[in-house]
Amino acid sequence: MTSPENTGLIRPPALKAGDRVAVTAASGAPRAEDLEKGVAALEGLGLIVDVLPSARAAGIPLDYLAGDDATRAADLTTALTDPRYRAVFMARGGYGAQRTLEGVDFASIGTPAPRVLVGYSDVTALIEAVAVHLGWVSLFGPMPVSDDFTSGSYAFDTLARTLFTPAEATRMTFPAARTLVPGTAEGVTLGGTASLLCSSLSTPTSRPARGGILFLEDVDEEPYRLDRILTQLRRSGYLDGVAGILCGTFTGCGDPAEIDALLIDRLGDLGAPVLAGADIGHGVPMQTFPVGVQARLDADQGTLTFDGPVLA
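Since we're looking at a predicted model, the values are computed, not measured. (Residues numbered from 1 in each chain as written. Predicted model: local features only at pLDDT ≥ 70, side-chain atom pairs only at ≥ 80, totals over all residues. Heavy atoms only, no water.)

*Asks:* Whenever I open this one, the pattern of salt bridges confuses me. Can you help?
*Replies:* Between side chains of opposite charge, pairing is possible as soon as their charged atoms come close. Applying the stated rule across the entire model yields 16 salt bridges. A salt bridge links Glu33 to Arg31, with the shortest nitrogen-to-oxygen separation between them at 3.6 Å. A salt bridge links Glu186 to Arg296; its shortest N-O distance comes to 3.8 Å. Pair noted here: Glu186 is in strand 8 (residues 184-193) and Arg296 is in strand 13 (residues 294-298), with a separation of 110 residues, a long-range link. Under the relative-accessibility criterion, Glu186 is labelled exposed at 53%. You can call Arg296 partly exposed: its relative accessible area is 36%. (Salt bridge = Lys/Arg side-chain N within 4 Å of Asp/Glu carboxyl O. Helix = DSSP H or I, 4+ residues; strand = E, 2+ residues; numbered from the N terminus. Buried < 20%, exposed > 50% of the residue type's maximum accessible area, 1.4 Å probe, protein only.)

*Asks:* Honestly, the pairing of strand 10 (residues 244-251) in this entry has me stumped. Any pointers?
*Replies:* On any regular strand, side chains alternate: one points to one face of the sheet, the next to the other face. Counting buried positions along strand 10 yields seven of eight residues, so the element is predominantly enclosed. Bridge count between strand 9 (residues 212-219) and strand 10: six bridges; the pairing is parallel. Residue pairing across strands places Phe215 opposite Leu246, the latter belonging to strand 10. In the classification by handedness, the crossover that spans strand 9, the intervening helix 8 (residues 223-235) and the parallel strand 10 is right-handed. Bridging between strand 10 and strand 11 (residues 274-276) involves two bridges; their strand directions are parallel. Paired with Leu246 across the strands is Leu275, a residue of strand 11. One crossover worth recording links strand 10 to the parallel strand 11 by way of helix 9 (residues 256-267), and it is right-handed. (Pairing = 2+ DSSP bridges. Right-handed = clockwise from strand over helix to strand, strands pointing away.)

*Asks:* Is there a simple way to explain the nonpolar core in this structure?
*Replies:* Where a protein is soluble and globular, its nonpolar side chains tend to be buried together. Ranked by size, the top nonpolar core spans 77 residues in total, and within it Phe89, Leu246, Ile280 and Leu304 carry the most contacts. The dominant element in this core, judged by the number of residues it contributes, is helix 5 (residues 124-133), at six residues. When residues no more than four places from it in sequence are discounted, the contact partners of Phe89 are Leu15, Val21, Ala22, Val23, Thr24, Leu42, Leu47, Val118, Pro144, Leu159 and Leu163. By size, the runner-up hydrophobic cluster in this structure holds 28 residues, among which are Leu190, Leu214, Leu230 and Leu262. (Core = buried A, V, L, I, M, F, W, Y, C linked by side-chain atoms within 4.5 Å. Contact = heavy atoms within 4.5 Å.)

*Asks:* Help me understand helix 5, please; the structure alone is not making it clear to me.
*Replies:* Across the 10 residues that make up helix 5, a large majority, nine, are buried. Here helix 5 has its buried residues at Thr124, Ala125, Leu126, Ile127, Glu128, Ala129, Val130, Ala131 and Val132. Gly135 sits one or two positions beyond helix 5 and adopts a positive phi of about 75 degrees.

So far we have only geometry, and geometry alone does not tell us how the molecule works.
And the structure:
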């Protein structure tokens, strides 16, 4: 297993026009029109896009899943191992990634050529699994069914810059962020949607935050449920030794002032700087957050600076 205390994960190659990429679903079933819009946006970047069967599977046997577990697991395995693919775009979030991971045999996958995995929300579980079992940097970023996954939008253009010209994406700034605990910290980035990190605890794909710069966000969690999630992360030992914490959006989770108070209450005594209000996650035009890269968080200045290009 890879630890955040190491110098970082393997940085997959940046993309270029003509690269072949896979679009697959490990969670919910995307709407056909949304999927086709996202595929067209990727093709507009000069990529050759293969849409794997799960991304077009109906919600059978359960309407909230993209086909059955075996199909999703097989497609994810193909996307991570087929040497033709230079990147894997998860079609959408929702629910189902944990079920998909049950069917992925990482021991048999071996050591395929690194390629970048892109997605957020439920995809947090996959990003953790890829970090632990394959040791690759991934991108917590917009997905093909996202409303703003189209050329000219802030979220899409930020993702494209990270994928194609990573030397231009070595620093993230958060002008609207709020310093909850001042200070600076250095470590390897990790994290994602808090409820997904919590649901991976005690599984072979959980990646503890020790020594790392932890990112947290979530959506549609009442304050008491978010409290329960953060408390479980505390009690499990997941947060022990965390170097710094960057908090993104908590859309639909209640009054922002109440959420800030909760974050201070549950995270403020960990001995780590905490910056809140980053434009990463649900409900905003989001920046793309690289996972598995050595970085420096400055909670006073509202910046996150990487040690170089996040892709090779």
